[in-house]
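Structural characterization, general
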Amino acid sequence: MTLDQVRIILVEPSGPINVGSVARVMKNFGFNHLVLVNPQCDPLSPEALQMAVHAKDILQSSRSLATLPEALQGCTRAIATTARVRDWGTPLENPHLALPWLLEEPNRSAALIFGREDRGLSNEELNYAQRFVRIPTNSTYPSLNLATAVSLCCYELALFDTDNQEDTVKEELITSKNGSENDPASLDVVETYYQELESLLLKIGYLYAHTSASRMEKFRQLYNRAQLQTKEVAMLRGILRQVEWAIGNLHNHKDS
């Protein structure tokens, strides 16, 4: 188990100094994978490279992608950071308690998502995460600098890096699961299911185009809490295919 399985994802970062500082923090605590979603600055600008100091390799190996779903491809677990309180039925957790969950599946990619410097993550972007953390701060000034937030979370995660722990400690911190079907479904696989579900629900009239986004948000929250396994997503997609077949068969009978 290493921190190498965790991606640090920054959504639309606008400050090259912040991006360079994040790279330095990542290097400090043993993280290697930086992903930038639609960056609003050049991660290889002189300012970013100067702030990175000896972590220029993190910037040079970083990936810039257009959307958050692309950044999450292959991940089975994702935690998003947010400073806002939302009435979603999903609690905002303390980083110290929630973040170790990202390391519980050996050799499975996981993601820690940070929002924009000025307004954080949108509700739509938060829907891609399964859990949410809020760094405790003074209520008179709760907003944290992006690099500071990344630093605090990386520190908390590094405390649970089990590479140098004794085997007895590893057993307490890691829940090992064998068999690919019983593994947590990757987020891109679950996203495909969401798209198929929405298409079917629109077809049968359960959803309407003008309200589908908000209704699907509820489904996403429900399934995110369930933490679906690969075999469970396959079963759910099989149900959708069978319903599609039944609808088509019914229409064929009516036409004949």
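Residues numbered from 1 in each chain as written. Predicted model: local features only at pLDDT ≥ 70, side-chain atom pairs only at ≥ 80, totals over all residues. Heavy atoms only, no water.

The name recorded for the protein chain in an unreviewed UniProt entry is tRNA (cytidine/uridine-2'-O-)-methyltransferase TrmJ, from Scytonema hofmannii PCC 7110. What the UniProt record of the protein chain gives under Subunit (unreviewed entry) is the line "Homodimer." (UniProt positions renumbered as here; feature names shortened; annotations may be inferred.)

**As for the nonpolar core**
Residues Ile 8, Leu 10 and Leu 112 are the most contacted members of the largest nonpolar core, which totals 37 residues. Listed by contribution, the elements that provide at least two residues to this core are strand E1 (6-11), helix H1 (16-29), strand E2 (33-37), helix H2 (46-52), helix H3 (56-60), strand E6 (110-114) and helix H7 (146-158). Per-element tally for this core: the top contributor is H7, with 7 residues. In this structure Ile 8 touches Val 22, Met 26, Phe 31, His 33, Leu 34, Val 35, Leu 112, Phe 114, Val 150 and Cys 154, once residues within four positions along its chain are discounted. The next biggest cluster of nonpolar side chains, apart from the first, holds 19 residues, and it includes Ile 9, Val 11, Ala 80 and Leu 121. (Core = buried A, V, L, I, M, F, W, Y, C linked by side-chain atoms within 4.5 Å. Buried < 20%, exposed > 50% of the residue type's maximum accessible area, 1.4 Å probe, protein only. Helix = DSSP H or I, 4+ residues; strand = E, 2+ residues; numbered from the N terminus. Contact = heavy atoms within 4.5 Å.)

**Overview of empty space enclosed by the protein**
Applying the stated rule across the entire model yields 2 cavities of 30 Å³ or more. Roughly 50 Å³ of internal volume is contained in the largest cavity. Mapped by element, the contributors of at least two residues to the lining of the largest cavity are helix H9 (187-203) and helix H10 (212-226). The element that contributes the greatest number of residues to the lining of the largest cavity is H9, accounting for 3 residues. Tallied by class, residues from the lining of the largest cavity come to 6 nonpolar, 3 polar and no charged. Lining of the second largest cavity is provided by 10 residues; of these, Thr 90, Ala 129, Phe 132, Gln 221 and Asn 224 occupy positions nearest its centre. By residue number, the principal contributor to the lining of the second largest cavity is H10, which donates 3 residues. (1 Å grid on protein atoms, 1.4 Å probe; cavity = no way out; pocket = protein on both sides within 12 Å on 5 of 7 lines; lining within 4 Å. Points joined across faces, edges and corners; volume = space filled by probe spheres on them. Nonpolar A, V, L, I, M, F, W, Y, C, P; charged D, E, K, R; others polar.)

**Let's talk about H9**
Its 17 residues place the ends of H9 24 Å apart at the C-alpha level, agreeing with the 24 Å of an ideal helix rising 1.5 Å per residue. Where H9 is concerned, the buried positions are Leu 187, Val 190, Glu 191, Tyr 193, Tyr 194, Leu 197, Leu 200 and Leu 201. One or two steps after H9, the chain reaches Gly 205, where phi turns positive at roughly 85 degrees. (Expected span 1.5 Å × (residues − 1).)

**Quick look at the sheet that holds strand E3 (residues 63-65)**
Whether parallel or antiparallel, the strands of a sheet pair through hydrogen bonds between backbone atoms. The 7 strands are arranged E3-E2-E1-E6-E4-E7-E5 in an open sheet whose pairing can be described as parallel. Of all the strands in the sheet, the pair left with one neighbour each is E3 and strand E5 (92-93). For strand E4 (residues 77-81) and strand E7 (residues 131-133), the ladder comprises 3 bridges, and the chain directions are parallel. Each residue of the ladder has a partner; that of Ala 80, found in E7, is Phe 132. (Pairing = 2+ DSSP bridges.)

**Observations regarding the layout of surface pockets**
The computed volume of the largest pocket comes to approximately 440 Å³. Around the largest pocket, the lining comprises 22 residues; the ones closest to its centre are Thr 82, Ala 83, Arg 116, Gly 120 and Leu 144. A per-class count over the lining of the largest pocket returns 9 nonpolar, 7 polar and 6 charged. In this model, the second largest pocket occupies a volume close to 180 Å³. Around the second largest pocket sit Glu 124, Asn 127, Tyr 128, Gln 195, Glu 198, Ser 212, Ala 213, Met 216, Glu 217 and Arg 220, which together line it. Those elements that provide at least two residues to the lining of the second largest pocket are H9 and H10.

**Focus: the pairing of E6**
Two faces make up the sheet, and in a regular strand the side chains alternate between them. Across the 5 residues of E6, 5 count as buried, placing the element largely inside the fold. Burial along E6 is two-sided: Ala 110, Leu 112 and Phe 114 facing one way and Ala 111 and Ile 113 facing the other are all buried. In this sheet, E6 lies alongside E4 in parallel orientation, the contact comprising 4 bridges. By the bridge assignment, Ile 79 is partnered in E6 with Leu 112.

**Re unusual backbone geometry**
Of note, Val 53 is a non-glycine position whose phi angle comes to about 55 degrees, a positive value. Relative to the helices and strands, Val 53 resides in the loop between H2 and H3. Under the relative-accessibility criterion, Val 53 is labelled partly exposed at 28%. For Asn 107, which is not glycine, the phi torsion reads 65 degrees and is therefore positive.

**Describing a nonpolar patch on the surface**
On the surface, Met 235, Ile 239 and Val 243 cluster together into a nonpolar patch covering about 260 Å² of accessible area. Secondary-structure assignment places Val 243 in helix H11 (residues 230-255). Note on Val 243: relative accessible area 32%, which makes it partly exposed. (Patch = residues over 30% accessible without salt bridge, like charges linked within 9 Å, V, L, I, M, F, W, Y side chains within 5 Å. Areas by Shrake-Rupley, 256 points an atom, 1.4 Å probe, with all protein chains shown as cover. Salt bridge = Lys/Arg side-chain N within 4 Å of Asp/Glu carboxyl O.)

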